[in-house]
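Next come the chains, spelled out residue by residue.
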Amino acid sequence: MIRHIVFFSAKDKADLPRIKAGLETLGGIRHHTHFEVVENARVDPMGNDVDLVVYAEFKDREALAAYKADPIYDASTRAVRPLREIRYSADYEVPDRA
């Protein structure tokens, strides 16, 4: 399994609802096994630069690649990129515990 985590901050906090809505469209891509967009809870005093988090799980690297190749992904990127300040992404493979 691949876990895909992306952190976003807004250039203008007033745009957070538009950014979140643009990111939520990614949930319409069928290649993930789990998908969510959430606001940063800001419980860590050193982690307040991040406004929104996208968290998704994929069966394998091929499923993640198919997700990123979907036209919905491109549309979301076009909608969100002008509104965001930062975007940090991390993908990691979870070992099979069978």
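In this report, we go over the structure that sits alongside the text.

Cut-offs used in this document
- Residues numbered from 1 in each chain as written.
- Predicted model: local features only at pLDDT ≥ 70, side-chain atom pairs only at ≥ 80, totals over all residues.
- Heavy atoms only, no water.
- Salt bridge = Lys/Arg side-chain N within 4 Å of Asp/Glu carboxyl O.
- Buried < 20%, exposed > 50% of the residue type's maximum accessible area, 1.4 Å probe, protein only.
- Helix = DSSP H or I, 4+ residues; strand = E, 2+ residues; numbered from the N terminus.
- Pairing = 2+ DSSP bridges.
- 1 Å grid on protein atoms, 1.4 Å probe; cavity = no way out; pocket = protein on both sides within 12 Å on 5 of 7 lines; lining within 4 Å.
- Points joined across faces, edges and corners; volume = space filled by probe spheres on them.
- Nonpolar A, V, L, I, M, F, W, Y, C, P; charged D, E, K, R; others polar.
- Contact = heavy atoms within 4.5 Å.
- Polar contact = N/O pair within 3.5 Å; in protein donor to acceptor, adjacent residues only side chain to side chain.

Attention now moves to the pattern of salt bridges. One pass over the full model with this rule turns up 7 salt bridges. Between R18 and D15 there is a salt bridge, and its shortest N-O distance comes to 3.5 Å. For R18, a relative accessible area of 54% gives the class exposed. Owing to a relative accessible area of 17%, D15 belongs among the buried residues under this scheme.

Here we come to the pairing of strand 3 (residues 52-58). Here is the key point about a regular strand: its side chains alternate between the two faces of the sheet. Burial analysis of strand 3 places 7 of its 7 residues in the buried class, the great majority of the element. Burial along strand 3 is two-sided: the residues L52, V54, A56 and F58 and V53, Y55 and E57 are all buried. Relative to strand 3, strand 1 (residues 2-10) runs antiparallel, the two being bridged by 7 bridges. Paired with V6 across the strands is V54, a residue of strand 3. The sheet contact formed by strand 2 (residues 32-39) and strand 3 spans 7 bridges and is antiparallel. Note on strand 3: the bridge partner recorded for V37 is V54.

All right, on to the layout of surface pockets then. Here the largest pocket defines a volume of roughly 180 Å³. Forming the boundary of the largest pocket are 14 residues, of which F8, L23, Y73, T77 and R87 lie nearest the centre. Taken together, the elements giving at least two residues each to the lining of the largest pocket come down to strand 1, helix 3 (71-80) and strand 4 (84-93). The element contributing the most residues to the lining of the largest pocket is helix 3, with 4 residues. Here the lining of the largest pocket is built from residues that sort into 8 nonpolar, 3 polar and 3 charged.

Mapped onto the elements, H32 comes out in strand 2. Looking at H32, the relative accessible area reads 19%, which means it is buried. In this structure, the C-alpha to C-alpha distance between H32 and F8, residues 24 residues apart in sequence, is 20 Å. Those residues in contact with H32 that lie beyond four places of it in its chain are L26, G27, E57 and F58. Within the local environment of H32, its side chain forms a polar contact with the backbone oxygen of G27, the two atoms lying 3.1 Å apart.

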